[in-house]
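Structural overview for review
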Amino acid sequence: MIKKKAVAKKKSTKPAVKKKDPVLLSGGNPQIAKGYGDGPVQEYISAMPGWKKEIGRKLDEIIVRTVPYVYKAVKWNSPLYGIEGDGWFLGIHVFNKYVKVAFFRGSHLKPLPPGESKQKEVRYLDIKETDKIDEAQLSSWIKQASELPGEKM
């Protein structure tokens, strides 16, 4: 029987490639590459700075619980939520002092989300660090928004 010599593996002299943290744009909004599906959205949420990360996780959880078949993407450095083939009904964006939830057809929601927009149909909900999220109301708006025609972007 022939014995094989053990060959010592050569150690790499290259340093391990470390994934860079996303750049935070104006207001702390993470710069995440455009992408479709849950992966890019989770990458965005993970990169949200400080207390905003927990808000992002909570929003994503409520959206998925309310619309289990939701379609996700990151475009223009913002997570978007929609119905595949029907467009987007909601987007999230980080600012210095709040996380903005944009309902693209928000003018059709009952009651109206509090934030007005220069765009006729868009309404906003701004969530600040000390705000308590009214999950029942938010879920109602999300459900209503998901049943409206989506925004093509």
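Residues numbered from 1 in each chain as written. Predicted model: local features only at pLDDT ≥ 70, side-chain atom pairs only at ≥ 80, totals over all residues. Heavy atoms only, no water.

By the naming in an unreviewed UniProt entry, the chain is DUF1801 domain-containing protein, taken from Leptospira selangorensis.

1. So, the packing of aromatic side chains
To keep it simple, the criterion reads: Between 30 and 60 degrees the pair is tilted, below 30 it is stacked and above 60 it is edge-to-face, where a pair is any two Phe, Tyr or Trp rings, Trp via its six-membered ring, whose centres lie within 6.5 Å. Here a strand is any run of E in DSSP of at least two residues, a helix any run of H or I of at least four, and the numbering for each starts at the N terminus.
Applying the stated criterion across every chain yields a total of four aromatic pairs. On the numbers, 6.3 Å between centres and 25° between planes, the contact of Y36 with Y71 is stacked. You can see Y36 sitting in strand β1 (residues 35-36) and its partner Y71 sitting in strand β2 (residues 71-75), a full 35 residues away along the chain. Between the aromatic rings of Y71 and W88, the centroid separation amounts to 5.5 Å while the plane-to-plane angle is 15°, which identifies the pairing as stacked.

2. What about the nonpolar core?
Put simply, the test is: Here, nonpolar core refers to any group of buried Ala, Val, Leu, Ile, Met, Phe, Trp, Tyr and Cys residues whose side-chain atoms link them within 4.5 Å. Buried residues are those whose accessible area, probed at 1.4 Å on protein chains only, stays under 20% of the maximum for their type, while exposed residues exceed 50% and partly exposed ones sit between those limits.
Core analysis: the biggest nonpolar cluster contains 30 residues, and L59, Y81, F89, L90, F103, L138 and I142 have the highest contact counts within it. Secondary-structure elements contributing two or more residues to this core are α1 (38-47), α2 (52-66), β3 (78-83), β4 (87-94), β5 (98-103), β6 (123-128) and α3 (135-146). Listed in part, the seven residues of the second largest apolar core include L80, W88, V122 and Y124.

3. A look at the pairing of β5
Worth spelling out the cut-off: Think of it this way: DSSP has to see at least two bridges between two strands before they count as a pair.
Counting buried residues along β5, five of its six residues qualify, which places the element largely inside the surrounding structure. Of the pairings in the sheet, the one linking β4 to β5 comprises five bridges and is antiparallel in character. Within the sheet, the bridge partner assigned to G91 lies in β5 and is A102. Following β4, the chain reverses through three residues before pairing antiparallel with β5.

4. Here we look at the layout of surface pockets
Defined as follows: A cavity, in this analysis, means grid points on a 1 Å lattice covering only the protein atoms where a 1.4 Å probe fits yet has no way out; a pocket is instead an open set bounded by protein on both sides within 12 Å along at least five of seven lines, and a residue lines either one if it has an atom within 4 Å of a point. Grid points are joined across faces, edges and corners, and a volume is the space filled by probe spheres set on the points. Note that Gly is not counted as nonpolar here; it falls among the polar residues with everything else outside the nonpolar set of Ala, Val, Leu, Ile, Met, Phe, Trp, Tyr, Cys and Pro and the charged set of Asp, Glu, Lys and Arg.
Of the pockets and cavities examined, the largest pocket occupies roughly 260 Å³. Lining the largest pocket are 14 residues, and of these S78, H93, A102, F104 and Y124 sit closest to its centre. Among the secondary structure elements, those contributing two or more residues to the lining of the largest pocket are β3, β4 and β5. The biggest single contributor to the lining of the largest pocket is β4, with three residues. Across the lining of the largest pocket, the residue classes break down as eight nonpolar, four polar and two charged.

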